[in-house]
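Examination of the molecular architecture
Residues per chain are reported as follows:
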Amino acid sequence: MSRSLLAAVLAVLFCGAAAAPAAAHDATTKAHVRVTGTSPDVTAVLELEYDLLMKSAWLYAEAYEAKERTEQLRQLAVNRDAVTEYVTRRFALAYDDRPCAPTLARDADVRVRDEAAFAVLTYAFDCPGEAGGGHAISSALFPDAESFVHSTETLVRYDLDGRKGSAVLVAESPTLRVGEREATAQAGEFLMLGAEHLLSGLDHILFLLALLIGARRLRDVVVTASAFTAAHSITFLLAAMGVVDVPGAVVEPVVAASIAVVAVANLLGRQEDRLGRWRLPIVFAFGLVHGLGFAGALDIDRSGSWELLLSLLSFNVGIELTQLALIAVLFPPLVLLRRTPSARWALAALSAPIVAVSLYWFIDRIPLPL
């Protein structure tokens, strides 16, 4: 019985670890778009994964394999026509159902987002028409048919003619008509986005698993989960609203280190004995760091963010509901495992790979000096 339980839990853990590399752009991606202005002058700033963009535009390997920022900028400049043709055929604005004409407004830039290089493309759209009309934003970027990725999501923020809001565009619903999408639909989109973000973030899942391994009673789970939830909710909202700004180069290694610390405590013995009265403050502190990591999934850090509070709260609720679901699935088998004669060895066997993976992440995420 104990061996079967251990095998099942380890299978879940290692399947997730094995899938981690595939969770990068080869599996799916998110495009980030900010649309601002007053007709007829509208500006759209798109942030798209650099190597995926260059592959999708059918450029040579030297373009999509470029790793240094200087070379990426050079490739974007050399291939600006091909890149613009790809993007403007799949991303469009309309005003009163009449297409707006796009023009590349400035040279492309490159920024790092979630440890990946993103091309920053700024387009000016000419949207003539009578005052009081309505805008439509459509995205078919990186469709499944191109076979490089699947299930692309385009996160849109807009401030058009005095109307502000946000939306998630997907293949099944690729067009946003500004002002027509109900708040409940917007909340549902970001709730699902929060759930997807937690499930696709193996580091956050391993941290939660490490906490559960160290919790012996249901009360421990409730108290620990509450502390973690309160902490990451605080920093998530503060970071997403632009009140605090911590670079990902700092956040990501600390997230990895937090996993290692909790998992090592499990290896050394009972977590409550090792961490003692510092257990909750430590979990709370690590939760603050993880909240910064959650906020990195959304690009909501500039003026007008308070109008997007519903989206932020919905995203956070999605994280919380998914976290509770994971606890409901993972904690019962751990309780059964503790009742077996080989419980100590089995729990150590679960903690050891978490330590190894988190230490690897920690080292890998430390920025190398130029």
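Quick look at the structure, then.

What counts, and where the lines are drawn
- Residues numbered from 1 in each chain as written.
- Predicted model: local features only at pLDDT ≥ 70, side-chain atom pairs only at ≥ 80, totals over all residues.
- Heavy atoms only, no water.
- Patch = residues over 30% accessible without salt bridge, like charges linked within 9 Å, V, L, I, M, F, W, Y side chains within 5 Å.
- Areas by Shrake-Rupley, 256 points an atom, 1.4 Å probe, with all protein chains shown as cover.
- Salt bridge = Lys/Arg side-chain N within 4 Å of Asp/Glu carboxyl O.
- Helix = DSSP H or I, 4+ residues; strand = E, 2+ residues; numbered from the N terminus.
- Buried < 20%, exposed > 50% of the residue type's maximum accessible area, 1.4 Å probe, protein only.
- 1 Å grid on protein atoms, 1.4 Å probe; cavity = no way out; pocket = protein on both sides within 12 Å on 5 of 7 lines; lining within 4 Å.
- Points joined across faces, edges and corners; volume = space filled by probe spheres on them.
- Nonpolar A, V, L, I, M, F, W, Y, C, P; charged D, E, K, R; others polar.
- Pairing = 2+ DSSP bridges.
- Contact = heavy atoms within 4.5 Å.
- Axes fitted to C-alpha atoms, helices over the stretch in contact; angles between N-to-C directions.

Quick word on a nonpolar patch on the surface
There is a patch of nonpolar side chains on the surface, built from I234, L238, V243, V244 and F284 and spanning about 370 Å² of accessible area. Looking at where L238 falls in the secondary structure, it is placed in helix α8 (residues 218-240). Residue class for L238 comes out partly exposed when judged on its relative accessible area of 34%.

As for empty space enclosed by the protein
Counting across every chain of the model gives four cavities of 30 Å³ or more. Taken as a whole, the second largest cavity encloses approximately 50 Å³ of empty space. Every residue lining the second largest cavity is listed: L208, L211, L212, A215, V221, T224, A225 and I327. Mapped by element, the contributors of at least two residues to the lining of the second largest cavity are α7 (202-214) and α8. When its residues are assigned to classes, the lining of the second largest cavity shows seven nonpolar, one polar and no charged.

Here's the deal with the sheet that holds strand β4 (residues 98-99)
Working definition: the strands of a sheet are paired by backbone hydrogen bonds and lie parallel or antiparallel to each other. Judged by pairing direction, the sheet is antiparallel, and its four strands sit side by side in the order β4-β3-β8-β11 without closing on themselves. Strands with a single pairing partner mark the edges of an open sheet, and in this sheet they are β4 and β11 (175-177). Bridge analysis of strand β3 (residues 91-95) against β4 gives two bridges, and the strand direction is antiparallel. Its bridge partner being in β4, A94 is matched across the sheet by P99. Relative to β3, helix α5 (residues 80-90) is tilted by about 50 degrees, and along the sheet it contacts β3 and β8 (135-139).

Looking at unusual backbone geometry
Here the bond from S39 into P40 is cis, since omega is 10 degrees, no more than 30 degrees from zero. In this fold, P40 is placed in the loop between β1 (30-38) and β2 (41-49). The residue W58 is not glycine, and still its phi comes out positive at about 55 degrees. Relative to the elements of secondary structure, W58 occurs in the loop between α2 (50-56) and α3 (61-64).

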